[in-house]
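Listed here are the chains, written in short residue letters.
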Amino acid sequence: MLRLVSLKLGRLYRYVKLAVLGSLAAALVLNTHSLLASLQRNELSERRFLQLNKCPACWGTSWCRKFLNGQLRLESWGRLRLLDFFNVKNVYFARYGEPREGSRRVVLKRLGSAQELADIDTKICRRATGRGRCDLLQALPATEFASLNGDVRLLTPGAVEGWSDLVHCPSQRLLDRLVRRYAETKDSGSFLLRNLKDSERMQLLITLAFNPEPLVLQSFPSDEGWPFAKYLGACGRMVAVNYVGEELWSYFNAPWEKRVDLAWQLMEIAEQLTNNDFEFALYLLDVSFDNFAVGPRDGKVIIVDAENVLVADKRLIRQNKPENWDVWYESKFDDCDKEACLSFSKEILCARVTVDHNYYAICQNLLSRHATWRGSSGGLLHDPPAGIAREGRLEALLDECANPKRRYGRFQAARELRAYLAQLSNNAR
């Protein structure tokens, strides 16, 4: 009886599979003309595809000339709009420049799914008119994004605090940095908000509120040694960043020596973002294997998704001295059954000078046996060589870094782990 049922289910599965494949084939045949047109057309030079008509409710216009002049082209299958169903994150790969002169690969991001971008329009309309749909250009002047237009001198914490992770607890020093380094204006270099055009101010504020990733990349640029992808420019609701390489996930089963080097770099990133000469602590609130990429030539690890970064100004914390400001803060281990879990309090991250959050995030979600991603577990440092496994030091440091048993154990474990990985990496070379 059971065998008969399984045979029927097997046939049903095959029939369904054939029906789905037949439907796809029919769709391809029926849409052959439009598919060929998609392959031949350069949509990156079309204003509607770039959503340039949404500006200044957009990310910027600094690269519009390059887009509209056809200097960027989507790569092969990226031109097929039928595949947008699978491209939930709205991330595209493109070539910039002329092939004869040597084009380079860039990554284009809409900074949200189609639904999230539609929600931005709805929120703007509701704030301005109370209705879910409206003429964006007419509605914008009635929103808080236009309230700082005119002869306003500075972007102040009281105006934008809490709008996004980047400005959950902003200092004037941070906001001056954001304005001074804003790349979507010709007058960058000044921290005076009034030096921006009205449209540029609104673009800056809308980016800050809905997805501040471009502002993180601009304010903490790779050219100055920060571990982020290089920001190139924007046109409408499309931003261009430098292509780094394959996601960290593709190195999950790389040779041991390679994984040790990547792990050491990740711990160095955690240290740099936590303690630096600028006294800005950049806390990664979303840490997973697809948020990092590795350069194919230099093997350098880079953060490629910086939407959820909280910046705390240590100078301001020392100046204001909130309650327990000088007490070391230990993040609580999150033993959840989902991928990339993190436990944190934004309020505490904003109020303490010494915080172990970045070490905790890297160790728990990427390196230790607690890390799980796409059905695999064991972390980037899984299956160490027999000698290292027998010694047990690596496992002990990873466990203490992810889930410390002693008070302030993670701080010490992170410091020792960085040194130990550096030693292993040098020995491997």
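Per an unreviewed UniProt entry, the recorded name for the protein chain is DIA1 protein, and the organism is Alaudala cheleensis. According to UniProt, the comment filed for the protein chain under the heading Sequence similarities (unreviewed entry) is "Belongs to the DIPK family." Here is the UniProt Subcellular location (unreviewed entry) comment for the protein chain, exactly as written: "Secreted".

*Asks:* Tell me about the overall build of the protein chain, residues and numbers included.
*Replies:* Check the secondary structure of the protein chain and you find 17 helices and twelve strands. A buried classification covers 48% of the 429 residues belonging to the protein chain. Counted over contacts in the protein chain with a minimum sequence separation of 6, partners at least 24 positions apart contribute 68%. Accessible surface, the protein chain: about 21400 Å² in total, of which carbon and sulfur atoms supply 51%.

*Asks:* Break down the pairing of strand S4 (residues 231–235) for me, with residues and values.
*Replies:* Here S4 lies mainly inside the structure; five of its five residues are buried. As defined by bridge partners, S4 adjoins strand S5 (residues 238–242) across four bridges and the pair is classed as antiparallel. Residue pairing across strands places Ala234 opposite Val239, the latter belonging to S5. Taken together, S4 and the strand that follows it, S5, pair antiparallel across an intervening segment of two residues, in which Gly236 is found at a positive phi of about 65 degrees.

*Asks:* Give me the lowdown on the pairing of strand S7 (residues 280–284), citing residues and values where you can.
*Replies:* Within S7, five of the five residues are buried, leaving the element largely enclosed by the surrounding structure. The alternating pattern of S7 places Phe280, Leu282 and Leu284 on one face and Ala281 and Tyr283 on the opposite face, and all of these are buried. Two elements, S7 and strand S10 (residues 309–313), share five bridges in a ladder whose sense is antiparallel. For Leu284, the partnering residue across the bridge sits in S10 and is Val309.

*Asks:* If you had to explain the side chain of Ser368 to someone new, which residues and values would you point to?
*Replies:* Within the secondary structure, Ser368 sits in the loop between helix H14 (357–367) and strand S11 (372–373). Look at Ser368 and you get buried, because its relative accessible area is 0%. When near neighbours in sequence (up to four residues on either side) are disregarded, Ser368 contacts Cys363, Gly378, Gly379, Leu398 and Ala402.

*Asks:* Explain the nonpolar core residue by residue, including any values.
*Replies:* Ranked by size, the top nonpolar core spans 92 residues in total, and within it Phe228, Met267, Phe292 and Leu367 carry the most contacts. Residue contributions to this core peak at nine residues, all from helix H11 (residues 256–274). Judged by nonpolar contacts, the second largest core, of 20 residues, contains Leu44, Phe49, Ala94 and Ala240.

Basis of the calculations
Residues numbered from 1 in each chain as written. Predicted model: local features only at pLDDT ≥ 70, side-chain atom pairs only at ≥ 80, totals over all residues. Heavy atoms only, no water. UniProt positions renumbered as here; feature names shortened; annotations may be inferred. Helix = DSSP H or I, 4+ residues; strand = E, 2+ residues; numbered from the N terminus. Buried < 20%, exposed > 50% of the residue type's maximum accessible area, 1.4 Å probe, protein only. Contact = heavy atoms within 4.5 Å. Areas by Shrake-Rupley, 256 points an atom, 1.4 Å probe, with all protein chains shown as cover. Pairing = 2+ DSSP bridges. Core = buried A, V, L, I, M, F, W, Y, C linked by side-chain atoms within 4.5 Å.

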